[in-house]
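Here's the letter readout for the chains.
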Amino acid sequence: MTDVALEYFVEETGDTLTKCEELSEQLKVLEDRANDGGFSAAHFTTLCQVIQTKKMPAQIYRKLISCLVPYEPVPGATLCDLILFVLGHQLNLNYVVNPVLQVANLCLEYDLVTEKKLFVSLYEVFLSKMKDSVLCDTIAQILAKITTLADVDRRRACVIKKCYDHHGGTPSLNMLRYRIRQLRPDLEPTYSPPTGTAGKSNNT
């Protein structure tokens, strides 16, 4: 059933996905699979390719993105390519861009991604998008997970502080600032995280 549904989206829909009865039926198959254990890395990658290569309304994007539930580690390159795609196009932030970032964050959280170092290559892209209030929290969660000593410098710490001042002390930004303090206390000499933040940060 899953293979048939994926083949439908890859082979039988042309360049554009439009809502119809058959599409709804095949999408329901994918949603059921996502809710019942998730997808293999190969099927996950195919779904990502559909999202990147087909034109579709934001609602269909959101439904397909909600199906991106792997049961095994997926390639970091697959997730990074998807992130670059959604950040590089004029797509709905609430329905498309932030949900994709949330998928990436959860894959990192539950150790369901290989080649995590590839995310570091997107560090500057992530920083450039933190000014957006819709994306800021999710990006901060991702950065808190991938940041190592080699990734921290004075300029980057300054960008994060400015986002913190602009958006306020959200838990995600608190976590990220504390991560920087762990690695480079000289760049965050006066920062004291709220109670509970320290326990959520990664180890050095």
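For the structure, see preceding data.
Residues numbered from 1 in each chain as written. Predicted model: local features only at pLDDT ≥ 70, side-chain atom pairs only at ≥ 80, totals over all residues. Heavy atoms only, no water.

**Looking at the side chain of Gln26**
Within the secondary structure, Gln26 is located in helix H2 (residues 21-35). On the basis of relative accessibility, which here comes to 14%, the residue Gln26 falls in the buried class. Contacts of Gln26, omitting those with residues within four sequence positions, involve Val4, Ala5, Tyr8 and Phe9. (Helix = DSSP H or I, 4+ residues; strand = E, 2+ residues; numbered from the N terminus. Buried < 20%, exposed > 50% of the residue type's maximum accessible area, 1.4 Å probe, protein only. Contact = heavy atoms within 4.5 Å.)

**Some details on the environment of Tyr61**
On the secondary structure map, Tyr61 appears in helix H4 (residues 58-66). Residue Tyr61 is classed as buried on the basis of its relative accessible area, which comes to 5%. Taking the C-alpha atoms as reference, Tyr61 lies 9.7 Å from Pro99; in sequence the two are 38 residues apart.

**Focus: a negative patch on the surface**
A cluster of like negative charges, contributed by Asp3, Glu7, Glu11, Glu12, Glu21, Glu22 and Glu25, occupies part of the molecular surface. Relative to the helices and strands, Glu22 resides in helix H2. (Patch = residues over 30% accessible without salt bridge, like charges linked within 9 Å, V, L, I, M, F, W, Y side chains within 5 Å. Areas by Shrake-Rupley, 256 points an atom, 1.4 Å probe, with all protein chains shown as cover. Salt bridge = Lys/Arg side-chain N within 4 Å of Asp/Glu carboxyl O. Lys, Arg positive; Asp, Glu negative; His and termini not counted. Charge placed at Lys NZ, Arg CZ, Asp CG, Glu CD.)

**A short note on the side chain of Thr78**
For Thr78, the position within the fold is in helix H5 (residues 76-87). On the basis of relative accessible area, Thr78 is assigned to the buried category, the value being 11%. Within the local environment of Thr78, its side chain forms a polar contact with the side chain of Thr45, the two groups lying 3.4 Å apart. Dropping the residues within four chain positions of it, Thr78 is found in contact with Phe44, Thr45 and Cys48. (Polar contact = N/O pair within 3.5 Å; in protein donor to acceptor, adjacent residues only side chain to side chain.)

**As for the packing of helix H6 (residues 93-109) against helix H8 (residues 136-146)**
Between H6 and H8, the least distance of the axes is 9 Å, while the angle of their chain directions is 25 degrees. Judged on the interaxial angle alone, H8 and H6 are roughly parallel. As for the relative orientation of H6 and H8, their crossing is left-handed in sense. Residues Asn98, Leu101, Gln102, Ala104, Asn105, Leu108 and Glu109 of H6 pack against Thr138, Ile139, Gln141, Ile142, Lys145 and Ile146 of H8. Grouping the constituent residues of the contact of H6 with H8 by class yields six nonpolar, five polar and two charged. (Axes fitted to C-alpha atoms, helices over the stretch in contact; angles between N-to-C directions. Parallel < 35°, antiparallel > 145°, perpendicular 65-115°, else oblique. Left-handed = near helix turned anticlockwise from the far one by under 90°. Nonpolar A, V, L, I, M, F, W, Y, C, P; charged D, E, K, R; others polar.)

**Brief notes about the nonpolar core**
With 70 residues, the main nonpolar core has Leu64, Phe119, Phe126 and Met130 as its most contacted residues. When residues of this core are assigned to their parent elements, the largest contribution, eight residues, is made by H6. (Core = buried A, V, L, I, M, F, W, Y, C linked by side-chain atoms within 4.5 Å.)

**Topic: the packing of aromatic side chains**
Scanning the model with the defined rule gives two aromatic pairs in all. Pairing Tyr8 with Phe9 gives two aromatic rings, centres 5.3 Å apart and planes at 80 degrees, and the pair type is edge-to-face. A relative accessible area of 1% means that Phe9 is categorised as buried. Seen from their ring centres, Tyr164 and Tyr191 are 6.3 Å apart, and the 85 degrees between their planes marks the pair as edge-to-face. Of the two residues, Tyr164 sits in helix H9 (residues 154-167) while Tyr191 sits in the loop between helix H10 (171-183) and helix H11 (197-200), which places them 27 residues apart along the sequence. On the basis of relative accessible area, Tyr191 is assigned to the buried category, the value being 6%. Taking NZ or CZ as reference, Arg62 lies 4.7 Å from the ring centre of Tyr95, over its face. (Phe/Tyr/Trp six-rings, centres within 6.5 Å; stacked < 30°, edge-to-face > 60°. Lys NZ or Arg CZ within 6 Å of the ring centre and 35° of its normal.)

**What to know about the pattern of salt bridges**
It is possible for side chains bearing opposite charge to pair when their charged atoms get close. If you walk through the whole model with that rule in mind, you get eight salt bridges. Residue Arg184 is joined to Asp186 by a salt bridge in which the shortest nitrogen-to-oxygen separation is 2.7 Å. Residue classification places Arg184 among the partly exposed residues on the basis of a relative accessible area of 22%. Taken together, the salt bridges that share partners define one network made up of Glu124, Arg155 and Arg156.

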